[in-house]
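# Commentary on secondary and tertiary structure
Now for the letters of each chain:
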Amino acid sequence: MSSMNFRSSKQTIKPPQRGIFPLDHDSECKPYMEKYISCLKGQQDKHHLCRELSKDYLQCRMDRQLMAAEDLDQLGFSEEAKVENAVEYDKSKEKEGFIAGKHIDGRLKWWFQR
């Protein structure tokens, strides 16, 4: 006869990890999200140009307790973190035929293959 071990210990509930928060099932912040997504599409995914819309969306989530309330400056919306005069990389090296890793001679061996 096998013995079964039933423990009556209580389960501990942990708060969600930072960055994990409930889904917006009631679509409370959907208009903010849609504005932000359409801005990203219109700006070719240059998120720094849609910064204020992103800030509004996160503020909506915090106001409705869909994420922990935090200072927006700590989330990267401070004036020091603001991106200005960003220059897009023109891929000049790639246009000239540069291929990443091509300069490495021979096959790279792992430590256990040596």
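Higher on the page you've got the structure.
Residues numbered from 1 in each chain as written. Predicted model: local features only at pLDDT ≥ 70, side-chain atom pairs only at ≥ 80, totals over all residues. Heavy atoms only, no water.

This part takes up the state of the cysteines. Overall, the coordinates contain two disulfides when judged by the stated rule. Two residues share a disulfide in this structure: Cys29 and Cys60, whose sulfurs sit 2.1 Å from each other. Judged by the sign of its S-S torsion, about -90 degrees, the cystine formed by Cys29 and Cys60 is left-handed. One end of the pair, Cys29, is in the segment before α1 (30-42); the other, Cys60, is in helix α2 (residues 51-63), with 31 residues separating them in the sequence. A relative accessible area of 2% means that Cys60 is categorised as buried. A sulfur-sulfur distance of 2.0 Å marks the disulfide that ties Cys39 to Cys50. Because the sign of the S-S torsion sets the handedness, a value of about -90 degrees for the bond joining Cys39 and Cys50 places this disulfide among the left-handed ones. Pair noted here: Cys39 is in helix α1 and Cys50 is in the loop between α1 and α2, with a separation of eleven residues, a long-range link. Judged by its relative accessible area of 15%, Cys39 is buried. Cys50 gets classed as buried once you look at its relative accessible area, which sits at 1%. (Disulfide = S-S within 2.5 Å. Helix = DSSP H or I, 4+ residues; strand = E, 2+ residues; numbered from the N terminus. Buried < 20%, exposed > 50% of the residue type's maximum accessible area, 1.4 Å probe, protein only.)

A surface patch of nonpolar side chains, about 490 Å² in accessible area, is lined by Trp110, Trp111 and Phe112. Positionally, Trp110 belongs in the segment after α3 (92-95). A relative accessible area of 57% places Trp110 in the exposed class. (Patch = residues over 30% accessible without salt bridge, like charges linked within 9 Å, V, L, I, M, F, W, Y side chains within 5 Å. Areas by Shrake-Rupley, 256 points an atom, 1.4 Å probe, with all protein chains shown as cover. Salt bridge = Lys/Arg side-chain N within 4 Å of Asp/Glu carboxyl O.)

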